[in-house]
Amino acid sequence: MNKTELIDHIAETAGITKGQANAAMDAFTDGITSALKKGDSVTLVGFGTFSVSERSARTGRNPQTGEAIKIKARKVAKFKAGKGFSTAVSGEKAPAAKKAAAPAAAAKKAPAAKKK
């Protein structure tokens, strides 16, 4: 799916025009880009986290000549998929939500003392 197809999908699903969907998509990507430029991360719960990582300078090899080359240090954008997103993509069923078990002492209240 490319950007145009995604915009078409957003417009159809949200019941908005393609122009509005395009504006929303641009605002979304601009928001993430500006946050990452400032060094912040963007977390979309259930979907994933966009962050910036720094790669240190290192020595690489030109695959054609085998010559050693210097690779500069730089910042790179990263995306770590969230649990809900990973589960949906893999086709696994989401685990059932666990209910917190109430302690037995809290479940049975002690009778209130009578005042005389």
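These notes cover the structure that comes with them. (Residues numbered from 1 in each chain as written. Predicted model: local features only at pLDDT ≥ 70, side-chain atom pairs only at ≥ 80, totals over all residues. Heavy atoms only, no water.)

Quick look at the nonpolar core now. Within the largest apolar cluster, five residues are counted, these being Ile32, Ala35, Leu36, Val42 and Phe50. A per-element tally of this core places helix α2 (residues 18–37) first, with three residues. Sequence-distant contacts of Leu36, that is, excluding residues within four places in its chain, are made with Ser41, Phe50, Ser51, Val52 and Ala77. (Core = buried A, V, L, I, M, F, W, Y, C linked by side-chain atoms within 4.5 Å. Buried < 20%, exposed > 50% of the residue type's maximum accessible area, 1.4 Å probe, protein only. Helix = DSSP H or I, 4+ residues; strand = E, 2+ residues; numbered from the N terminus. Contact = heavy atoms within 4.5 Å.)

As a further point, take the packing of helix α1 (residues 3–14) against α2. For any two helices packed against each other, the geometry comes down to the angle between their axes and how far apart the axes lie. Where α1 contacts α2, the two axes come as close as 8 Å, and the packing angle between them is 115°. Pair α1 / α2 crosses with right-handed handedness. On α2, the residues that touch Lys3, Leu6, Ile7, Asp8, Ile10 and Ala11 of α1 are Lys18, Ala21, Asn22, Met25 and Asp26. Of the residues belonging to the contact of α1 with α2, the class tally is six nonpolar, one polar and four charged. (Axes fitted to C-alpha atoms, helices over the stretch in contact; angles between N-to-C directions. Left-handed = near helix turned anticlockwise from the far one by under 90°. Nonpolar A, V, L, I, M, F, W, Y, C, P; charged D, E, K, R; others polar.)

Turning our attention to the pattern of salt bridges. This structure, assessed with the given rule, holds two salt bridges. The closest approach of N and O atoms between Asp26 and Lys3, which form a salt bridge, is 2.8 Å. Within this pair, whereas Asp26 is found in helix α2, its partner Lys3 is found in helix α1, the two being separated by 23 residues in sequence. According to the relative accessible area criterion, Asp26 is partly exposed, its value standing at 27%. (Salt bridge = Lys/Arg side-chain N within 4 Å of Asp/Glu carboxyl O.)

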